[in-house]
Amino acid sequence: MINEVNEPQLELFESSHKKKDTSMTFADNMKLPIHRWFRYSAGFSGAWVRELIKEKNAKNVIDPFAGSGTVMIESDFAGINSYGIDSHPFVNRLGKAKLLWKEDPNKLKDASNRLIEIASNHKIEQKEYPTLIEKCYPPEVITKLTALKESWQKIEEDTPTKELLWFLITSILRKTSPVGTASWQYVLPNKSKSKVIDPFIAFQAKSHEMVSDMRVMQKKYPNHGNSHILSEDARDMESVPDDWADLIITSPPYANNYDYGDATRLEMTFWGEIEGWGDLQKLVRKNLIVSCTQHATKIRNLIESQIDSSEIEPIRDELKPIYQKLSEVRLTKGGKKNYQLMVLAYFHDLAQVFKELRRTTKPNSEMCFVIGDSAPYGVYVPVDRWLGELALANGFKSFYFEKLRDRNTKWKNRKHRVLLKEGRLWIKG
Ligand SMILES: C[S@@+](CC[C@H](N)C(=O)[O-])C[C@H]1O[C@@H](n2cnc3c(N)ncnc32)[C@H](O)[C@@H]1O
């Protein structure tokens with residue numbers, strides 16, 4: 001199902017500037033060792049993170065929305081400590097796997113050579129495939145990918161190398177499909193790609209890239225830092241100590257209806273972790289902050305009561321009329337999307353995150369939130385200011401928004417032209 005109002009969070013944008021500021025996009029990471037292992041389009045630039053860590057002379061960094069681990073990888077390179085949190089189970093596993101760049105590259109090299117040899121002679125056991133997989137791959141490609149998967153599943157011992165092999169297979173799934181599998185999210189079976197790579201060749205090329213990146217970066221950064229990615233929730237980061245961080249670098253989901261649950265549907269279906277659209281709510285979305293109507297609608301009763309919650313109190317007077325307006329406008333629209341629920345829950349959830357960040361940060365720490373605002377059904381929501389106010393209500397001292405670009409492409413097919421922006425929300429205290 002394609003949602004007509006989603007827009008890539010950070011990657012595809014129109015900019016009014018001639019020279020684009022790419023610090024907020026993942027694109028440049030595709031040239032950077034380790035970062036480039038998996039194209040997570042919701043990510044931001046590793047080079048920008050590196051500069052920020054240096055400029056702030058940070059020692060302990062948290063990214064409560066860690067995604068593919070950009071902040072943790074850079075913290076590793078900088079020789080400092082970091083905690084990343086991502087409650088999307090599959091994305092979390094991808095991020096954790098990237099942190100294994102410090103493992104022995106020779107073991108990965110040998111293990112991937114062995115796996116490809118076993119897979120080449122493997123007689124596959126799987127008889128039927130989910131519809132999504134059949135739509136995405138011709139039979140000869142499915143056969144090879146399944147041979148890799150089943151050969152991997154036969155590896156008995158759970159080791160970091162086995163995990164890197166899992167990551168390696170996962171990372172070639174989109175490249176080896178001849179249909180539209182845009183790195184951002186939805187699979188488009190009716191579109192075709194010009195460049196498709198054979199699974200075994202893609203596997204070997206990726207293995208080569210990973211082994212070589214590990215060698216180069218281990219040599220460059222022998223005294224790497226101590227980074228962790230936790231399978232927790234930014235609203236309750238229980239393993240992160242009190243008063244720990246001096247810098248937060250993060251980008252939360254935007255309130256723009258992008259469904260993170262759907263972002264890894266192809267990969268999770270391939271590995272047999274989900275069977276269909278329905279599984280996404282119970283296995284993925286329920287762990288995430290609410291930022292799409294698919295999620296909000298499922299927990300409507302819970303959200304409706306949040307309007308009176310203490311979390312929302314600092315912005316309640318402004319939020320209520322917007323909530324009301326969205327409740328009315330939706331009735332005039334075909335999709336009748338519950339944006340009012342999405343917006344309310346979004347700020348409720350982010351307020352909880354600020355509370356956790358206050359607990360886990362030192363006094364006089366600094367936070368940088370890469371964010372964008374939104375205008376569902378043309379109703380403007382001042383995301384940056386409200387987030388700033390929620391931060392103040394939770395004990396931070398000041399905030400300001402550094403706009404980096406205008407963005408109004410998201411609603412371009414709609415009737416209105418609300419100007420949106422994207423930039424960095426700096427919070428201190
Ligand atoms: C914009 S992405 C962050 C990308 C990251 N900066 C990178 O470079 O890869 C936002 C992430 O927040 C995660 N997320 C959503 N709700 C969360 C929650 N409650 N706790 C932790 N992470 C969450 C999503 O899974 C998604 O990966």
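All of these numbers come straight from a predicted model, not from anything done at the bench.

Let's talk about the overall build of the protein chain
Then step 1. Helix and strand content of the protein chain: 16 helices and nine strands.
Then step 2. The C-alpha radius of gyration of the protein chain comes to 22 Å, within 12% of the 22 Å expected for a compact globule of 429 residues.
Then step 3. Across its three principal axes, the protein chain shows a C-alpha extent of roughly 65 × 50 × 45 Å.
Then step 4. When each of the 429 residues of the protein chain is scored for burial, the buried share is 59%.

Structural notes on the pattern of salt bridges
Then step 1. Using the criterion set out here, one finds 27 salt bridges in the structure.
Then step 2. Across the salt bridge formed by Arg359 and Glu356, the nearest N and O atoms sit 3.0 Å from each other. With Arg359 and Glu356 both in helix H15 (residues 339-360) and three residues apart, the pair spans about one turn of that helix.
Then step 3. Notably, a salt bridge pairs Arg424 with Glu402, separated by 3.3 Å at the nearest N-O pair. A residue pair is termed long-range when its members are at least 10 positions apart, and Arg424 in strand E9 (residues 420-428) and Glu402 in strand E8 (residues 398-407) qualify at 22 residues.
Then step 4. Connected through salt bridges with shared partners, the residues Glu55, Lys56 and Glu366 form a single ionic network.

Topic: the packing of aromatic side chains
Then step 1. Taken as a whole and judged by the stated rule, the model has 15 aromatic pairs.
Then step 2. With a centroid separation of 4.7 Å and an interplanar angle of 10 degrees, the aromatic rings of Phe77 and Tyr221 are classed as stacked. With a gap of 144 residues between them, Phe77 in helix H2 (residues 70-78) and Tyr221 in the loop between helix H8 (199-220) and strand E5 (226-230) connect regions that are remote in the sequence. Taken as a pair, Phe77 and Tyr221 share a single burial class, namely buried.
Then step 3. When the ring of Phe270 is compared with that of Trp271, the centres are 5.3 Å apart and the planes differ by 80 degrees; the resulting orientation is edge-to-face.
Then step 4. Among the residues examined, Trp271 registers a relative accessible area of 10% and is labelled buried.
Then step 5. An aromatic cluster of three or more residues is present, and its members are Phe90, Trp152, Trp166, Phe270 and Trp271.
Then step 6. Above the ring of Trp166, the side-chain terminus of Arg93 is found at 3.8 Å from the ring centroid.
Then step 7. A cation over a ring is seen here: Lys149 above Phe270, with NZ or CZ 4.9 Å from the ring centre.

Quick word on the nonpolar core
Grouped burial of nonpolar side chains is what soluble globular proteins tend to show.
Then step 1. Counting residues in each nonpolar core, the largest one holds 130 residues, and the members touching the most others are Ile249, Phe347 and Phe369.
Then step 2. Broken down by element, the residue count for this core peaks at 13 residues, all from H15.
Then step 3. With residues near it in sequence (within four places) discarded, Phe369 still touches Ile248, Thr250, Pro252, Leu350, Phe354, Leu357, Gly423, Arg424, Leu425 and Ile427.

Re the site of the ligand
Then step 1. Around the ligand, 25 residues are found, and the nearest of them are Tyr40, Ser68, Thr70, Asp86 and Ala234.
Then step 2. In the model, an oxygen atom of the ligand is placed 2.6 Å from a nitrogen or oxygen of the Tyr40 side chain.
Then step 3. Ser68 is positioned such that a nitrogen or oxygen atom in its side chain is 2.7 Å from an oxygen atom of the ligand.
Then step 4. Among the residues forming the shell around the ligand, the class breakdown is 13 nonpolar, nine polar and three charged.

Focus: the pairing of strand E6 (residues 245-250)
Then step 1. The buried count for E6 comes to five of six residues, which makes it a mostly enclosed element.
Then step 2. Here strand E1 (residues 60-63) pairs with E6 via two bridges, running parallel. From the neighbouring strand, Val61 faces E6, where its bridge partner is Leu247.
Then step 3. Bridging between E6 and strand E7 (residues 361-372) involves five bridges; their strand directions are parallel. Bridging across to E7, Ile248 finds its partner in Met367.

Let's talk about unusual backbone geometry
Then step 1. The backbone of Asp243 shows a phi angle near 45 degrees, a positive value even though the residue is not glycine.
Then step 2. Locating Asp243 in the fold gives a position in the loop between E5 and E6.
Then step 3. Residue Asp243 is classed as partly exposed on the basis of its relative accessible area of 46%.
Then step 4. With phi around 65 degrees, Asn364 is a residue other than glycine that occupies positive phi space.
Then step 5. If you trace the backbone, Asn364 turns up in strand E7.
Then step 6. Exposure remark for Asn364: the relative accessible area of 66% places this residue in the exposed category.

Re the pairing of E7
Then step 1. Within E7, nine of the 12 residues are buried, which leaves it mostly tucked inside the rest of the structure.
Then step 2. For E7 and E9, the ladder comprises seven bridges, and the chain directions are antiparallel. Each bridged residue has a counterpart across the sheet, and for Val370 the counterpart in E9 is Arg424.

A word on the environment of Gly272
Then step 1. Following the sequence through the fold, Gly272 ends up in the loop between helix H10 (265-270) and helix H11 (279-283).
Then step 2. Residue Gly272 is classed as exposed on the basis of its relative accessible area of 58%.
Then step 3. Taking the C-alpha atoms as reference points, Gly272 and Gly423, separated by 151 residues in sequence, lie 38 Å from one another.

Comments concerning helix H14 (residues 316-329)
Then step 1. Taking 1.5 Å per residue as the helical rise, H14 with its 14 residues ought to reach 20 Å, and the 20 Å between its terminal C-alpha atoms agrees with that figure.
Then step 2. Of the residues making up H14, those classed as buried are Arg316, Leu319, Ile322, Tyr323, Leu326, Ser327 and Val329. Buried positions in H14, seen along its axis, are confined to an arc of 165 degrees and lie on one side of it.

Rules of the game
- Residues numbered from 1 in each chain as written.
- Predicted model: local features only at pLDDT ≥ 70, side-chain atom pairs only at ≥ 80, totals over all residues.
- Heavy atoms only, no water.
- Helix = DSSP H or I, 4+ residues; strand = E, 2+ residues; numbered from the N terminus.
- Rg over C-alpha atoms; globule rule 2.2 N^0.38 Å.
- Buried < 20%, exposed > 50% of the residue type's maximum accessible area, 1.4 Å probe, protein only.
- Salt bridge = Lys/Arg side-chain N within 4 Å of Asp/Glu carboxyl O.
- Phe/Tyr/Trp six-rings, centres within 6.5 Å; stacked < 30°, edge-to-face > 60°.
- Lys NZ or Arg CZ within 6 Å of the ring centre and 35° of its normal.
- Core = buried A, V, L, I, M, F, W, Y, C linked by side-chain atoms within 4.5 Å.
- Contact = heavy atoms within 4.5 Å.
- Near = heavy atom within 4 Å.
- Polar contact = N/O pair within 3.5 Å; in protein donor to acceptor, adjacent residues only side chain to side chain.
- Nonpolar A, V, L, I, M, F, W, Y, C, P; charged D, E, K, R; others polar.
- Pairing = 2+ DSSP bridges.
- Expected span 1.5 Å × (residues − 1).
- Arc of directions from axis to C-beta.

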